[in-house]
Each structure stands twice: as structure tokens, then as C-alpha cells.
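# Observations on chain architecture
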Amino acid sequence: MPTKLLIADDEKNIRMGLQAMIEREFSGLYECVLVKDGREAWQHVKQFLPELVITDIRMPVMDGIMLMQHIRELEPERRPLVIILSGYDEFQYAREAIRCGAREYLLKPIVREELFGALAVLNEELKERNHLIDDSVVSVEKDRLVGASVIPDRNGSMTRAIQYIHAHYSEDLNMAVVSNSVSLNYTYFSQAFKAYTGLSFVQYVKRLRITEAKKLLKCQGGKIYEIAANVGFDNAKHFNKVFRELEGMTPQQFRVQNQKGN
């Protein structure tokens, strides 16, 4: 079954161009719907539940940021993955888009390879998410058939925990808060999380924050301490230490090597 993909942009030629590029590269993989502003996009998201959304950040009626804020209010299993498009290579736009949950931030004019790469990554994420949902359904059905009392499925709990972490990584986040959010005992959660992800809670959050920081570092503007704060570090010194530990270089060195347009 094709993946439902919603494309929102107020420029018709961009909407049509994106659809054409995607359908040529991924023949039969996506069912595309095109809309011209954020309000139409939000109505479509609520009614037809697309799995992916590609949206411009600047549109009339409702912009891409407001659209993503609405999307974040949906239940995690109904929430599409979002790619943001922007003609502005500026820190403030990237920061707001990532804070609102955008998985990718692509600059116009769109580079085909960057678009295809982003779609390939998100398609794998969707496969994993759907696989976990299927596993949870099978597990609950087995419990029902044998007459057992249905308990929360561990993988389902971990999926919800990871979704919670991705939504709140920029805040003061700790394992007690996340384990409470999925109604699991602290010790059990710690063991189950590591078994599921292969990482401790602290390691996972560090990696996520550095991944999001790298996206911001590729955009123009934004002080290192601002980026650190926006991804959840309480000070730039700690941010620099963790970044070097995971990436083998400082944030500034990474920025110089990866600045868009260089």
C-alpha cells in the first residue's frame, strides 16, 4: 500500500515539481496530495491521516510552524513525520522548525539528492514504527486468546517513551519524568529502555541532542551557547564536551566544515 504523502506549498509550480520528482524517483511508493496553505494541510491531516508531510515554512492563512504545532497535538500513532522547506538559511527558522518536531529542514531551491535522502530515512522510520505497532497488536491479541490479563506491551511502551523524548529533549529531561509518562517503574524502565535501544537513557538523550544540534549548526547564525540551550544543554561547556566526545570535533569545527553554502 502506498505511503500517504501530503505536500503543502503556496507556489503551484513547487507543489507540482515536488510531486513529479518524487513519483519519478519512487514510482508507486507514495500517494501524493497537494494543498496550497497550512489550513488546508491541517484539515487534510485530521481527515485523511497522511504518514508524511512536506510543508513550506512560509504560507498564507497558516504557516508551516503553526501547522506543526497542531500536528504535535495529535496522538503519537496519528502524527505524520514532517519535512520543512524554506527559502531562508537562517538559524531562527531552523530552530523553530526543529523545536516543533520537523524531522528534516531543506532549503529552496530543493536539491534532489537531499530530498530523496530525507524521504529514504523517513520511510525507514515509518517501517519501523509500523512494525512496532503490528507487534503490539499481535501481542495483545495473543494475551486475549489465552485469557491472560493484558498488560502494557514493552515495545509499545518504549515507542511511546522515545516519542516523548523526541518531543521534549530540549527541556530539562530525566528518566523519572519519561518513565512516569509511560507508567512504568523506574528500574524496569531503565532495563527495558537499554534492551530496546541498545543505549542507556542518558546516552540516547545525548545522541539525540547532538543530532539536533548538528542540524542547527549547518544553518546561518546562532551562537554556540544558543544552540546548546535549544537542544537541552544547560551550558555551552557541557555541550562542547559532549559534542567532542560523540563527533570527534568541537561544534565550531563542525560548523566550519558543514556550513551550507561553503
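Now for a look at the structure at hand. Since the model is a prediction, treat every value here as computed from it, not as a measurement. (Residues numbered from 1 in each chain as written. Predicted model: local features only at pLDDT ≥ 70, side-chain atom pairs only at ≥ 80, totals over all residues. Heavy atoms only, no water.)

## Considerations on the sheet that holds strand β4 (residues 81-86)
One open sheet holds the 5 strands; their spatial order is β2-β1-β3-β4-β5, and the pairing between them is parallel. Two strands close off the open sheet at either side, each with one partner strand: β2 (30-35) and β5 (104-107). On average, each strand axis in the sheet is tilted by 20 degrees relative to the strand beside it, whichever way the strands run. Each of β1 (3-8), β2, β3 (52-56) and β4 is contacted by helix α1 (residues 12-25), which is oriented at about 175 degrees to β2, the strand it contacts most. (Pairing = 2+ DSSP bridges. Helix = DSSP H or I, 4+ residues; strand = E, 2+ residues; numbered from the N terminus. Axes fitted to C-alpha atoms, helices over the stretch in contact; angles between N-to-C directions. Contact = heavy atoms within 4.5 Å.)

## Notes on the packing of aromatic side chains
This model, assessed by the stated rule, comprises 9 aromatic pairs. With a centroid separation of 5.6 Å and 85 degrees between ring planes, the pair formed by phenylalanine 26 and phenylalanine 116 is classed as edge-to-face. Residue phenylalanine 26 is found in the loop between α1 and β2, and its partner phenylalanine 116 is found in helix α5 (residues 112-145); the two are separated by 90 residues along the sequence. Take phenylalanine 26 and phenylalanine 116: they sit in the same class, and that class is buried. (Phe/Tyr/Trp six-rings, centres within 6.5 Å; stacked < 30°, edge-to-face > 60°. Buried < 20%, exposed > 50% of the residue type's maximum accessible area, 1.4 Å probe, protein only.)

## Re the pairing of β4
Extensive coverage of β4 is indicated by the burial of 6 of its 6 residues. Here β3 runs beside β4; their pairing, made up of 5 bridges, is parallel. What sits directly across from leucine 52, in β4, is leucine 81. Where the polypeptide runs from β3 across helix α3 (residues 64-71) and back to β4, its parallel neighbour, the crossover connection is right-handed. Direction of pairing for β4 relative to β5: parallel, over a ladder of 4 bridges. By the bridge assignment for β5, isoleucine 83 is matched with glutamate 104. (Right-handed = clockwise from strand over helix to strand, strands pointing away.)

## A few points about the pattern of salt bridges
One pass over the full model with this rule turns up 6 salt bridges. Residues lysine 36 and glutamate 40 are paired through a salt bridge, measuring 2.3 Å at the closest nitrogen-oxygen approach. Residue lysine 215 pairs with glutamate 212 through a salt bridge whose shortest N-O separation is 3.4 Å. Of this pair, lysine 215 and glutamate 212 both sit in helix α9 (residues 201-217), 3 residues apart, which is roughly one turn of that helix. Classification of glutamate 212 by relative accessible area gives buried; the value is 7%. A single network of salt bridges, built from pairs that share partners, joins Asp9, Asp56 and Lys108. (Salt bridge = Lys/Arg side-chain N within 4 Å of Asp/Glu carboxyl O.)

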